[in-house]
Every structure is written in structure tokens, then in C-alpha cells.
Amino acid sequence: MASWLLLTLSFTSFVCCVYCKTPLFVGTLLPSEPNDFVFSPLTAPAVQLAVDHINAISNILPNHEIVLRLRDSACDIGLAGYELYRLLSKSDETKIALIGEACSTVTQPLAQISKYWNIPQFNFLSTSPALDNRKTYPYYYHILPSENGLNPGRVAMIRSLGWSHSLILVQPSDLFDLVLSSIGMVVYRQFQF
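Residues numbered from 1 in each chain as written. Predicted model: local features only at pLDDT ≥ 70, side-chain atom pairs only at ≥ 80, totals over all residues. Heavy atoms only, no water.

Student: Outline the environment of His 64, listing residues and values.
Tutor: Structurally, His 64 can be placed in strand β2 (residues 64–72). Taking the C-alpha atoms as reference points, His 64 and Thr 22, 42 residues apart in sequence, are found 4.5 Å from one another. When residues no more than four places from it in sequence are discounted, the contact partners of His 64 are Lys 21, Thr 22 and Leu 24. Within the structure, His 64 has its side chain in polar contact with the backbone oxygen of Pro 62 (distance 2.7 Å). (Helix = DSSP H or I, 4+ residues; strand = E, 2+ residues; numbered from the N terminus. Contact = heavy atoms within 4.5 Å. Polar contact = N/O pair within 3.5 Å; in protein donor to acceptor, adjacent residues only side chain to side chain.)

Here it is, written out as C-alpha cells:
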């Protein structure tokens, strides 16, 4: 009887190991409530859906499974920094990447911090041109182009409409100062003033 029980337990352990996958932990920092910058309650479920699709296809990451560790950052620098520390200091889970933050003003300090852990940070919402600086943010990757990447299109639209004047109203911040500076250079080059 004892040998049958031992054989059953051994077989059960073997079957479990054949079907288990190695977890790949990804820290995710996103605001869970809408705010002035981004409508975000649907962002986390969209990220989870994408991960579920990846995990369901066995030939994308064979024998591995992405596991999200979602934290609410509330587009707040202090809270996001605290949650980043909580994510990275959990010693039994090695994070292979970070996703987020939604607000450029919070993404910048997080990207500066996460570089010390050599963890790539992927972002699909922050568009600050400052994040293009590879020296300051060596492990940061945009999914969307930065605001500067849109400037040639903006200028082309102004040109195609035949406008001789245009006005850009922005909120004073480092993000928009960089965009205005960049669009000014693009306008100068294209219109040859």
C-alpha cells in the first residue's frame, strides 16, 4: 500500500511539473481612477487581456507565463515611487520588466529610478520628449511616439491648409515647453524663415 501511495505521489508530481510554467513577473504601475491626465480605469484590464492572450499561445513563451503585479500609482509621484519600491524589493519575485506609469510627470522619476535595477520599462501612455534622452533613461521604451514625433505632422497640416499663422495654447510645464521648442525648430526648418 505504501509503495502504491509513493508511486501515485511521484506520478502526480511529474504530471504537475510537466504542465507548470516558469513565472515571469512584470511590475505594472497604473492609476486605477480617472484623473486630469488620463482616463485609466480601462488601462489595467487591457494590459491584463494582452498578457492573457500571450500566455494562451504556447509558442510565444514556451514553458513560461507572464504574471502581472499591478499597483495603483494614482498619477502621484510619491505613491508611484513607494509602489515601485514595494514591487522591486519583493525578493522572491524577480521582475523582468515594468509597465507604466500613465502620466509623464510620474514616469520620468520612475524611469530614472528603475535604471538602477537594470529593468526595462515599457510605456504606452507617457509622451514626454524628455523621455527620449537615452543617457538619462537607458531602459525606458515608448510604445507611442513622443510628442516631438508628432510635430512634423502638425507642421505638414498647417502647410497643407495654407495657414500663415497658427496658435498653440498649452499648460505651462516642462512637457509642453519641450514640445513647443521642438515644433518651433520644425516650423523654422520647413518654412525657411
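Student: Account for the confidence of the model for the chain, naming residues and giving values.
Tutor: Residues with a pLDDT of 70 or more make up 76% of the chain, whose mean pLDDT is 81. In the model of the chain, helix α1 (residues 2–19) stands out as the element of lowest mean pLDDT, 48, in contrast to β2, which has the highest, 94. Note that pLDDT drops below 50 for residues 4–16; the model gives that stretch zero contacts with residues more than four away or on any other chain. (pLDDT = per-residue confidence, 0-100.)

Student: Explain the packing of aromatic side chains to me, using residue names and the numbers behind them.
Tutor: For the coordinates displayed, the defined rule picks out one aromatic pair. Here the guanidinium or amino end of Arg 134 rests over the ring plane of Tyr 141, the centre of that ring lying 4.9 Å away. (Phe/Tyr/Trp six-rings, centres within 6.5 Å; stacked < 30°, edge-to-face > 60°. Lys NZ or Arg CZ within 6 Å of the ring centre and 35° of its normal.)

Student: Give a description of the side chain of Gln 121 that names residues and reports values.
Tutor: Relative to the elements of secondary structure, Gln 121 occurs in strand β4 (residues 121–123). Of the polar contacts made by the side chain of Gln 121, one reaches the backbone nitrogen of Ala 111; its length is 3.4 Å. Polar side-chain contacts of Gln 121 include one of 3.2 Å to the side chain of Ser 114.

Student: I'd like a description of helix α3 (residues 77–89), backed by residues and values.
Tutor: When the terminal C-alpha atoms of α3 are compared, their 18 Å separation across 13 residues agrees well with the 18 Å that a helix rising 1.5 Å per residue should span. By the burial criterion, the buried members of α3 are Ala 80, Glu 83, Leu 84, Leu 87 and Leu 88. One face of α3 carries all of its buried residues, which in axial projection span an arc of 130°. Facing away from the buried side of α3, by more than 90 degrees, are the exposed residues Gly 78 and Tyr 85. Looking at the buried side of α3, the elements it contacts are β1 (22–30), β2, β3 (95–100) and α4 (104–114). Regarding α3, its N-cap is Asp 76, as a side-chain oxygen of that residue lies 3.2 Å from the backbone nitrogen of Gly 78 further along. (Expected span 1.5 Å × (residues − 1). Buried < 20%, exposed > 50% of the residue type's maximum accessible area, 1.4 Å probe, protein only. Arc of directions from axis to C-beta.)

Student: Describe the pattern of salt bridges, naming the residues involved and giving the relevant values.
Tutor: The final tally for this structure, using the stated rule, is four salt bridges. For the salt bridge of Arg 71 with Glu 83, the shortest nitrogen-to-oxygen distance reads 3.4 Å. With Arg 71 in strand β2 and Glu 83 in helix α3, the pair connects residues that are twelve residues apart, well separated along the chain. The class for Glu 83 is buried, based on a relative accessible area of 8%. Bridged by salt links that share partners, the residues Arg 69, Glu 93 and Lys 95 form one connected network. (Salt bridge = Lys/Arg side-chain N within 4 Å of Asp/Glu carboxyl O.)

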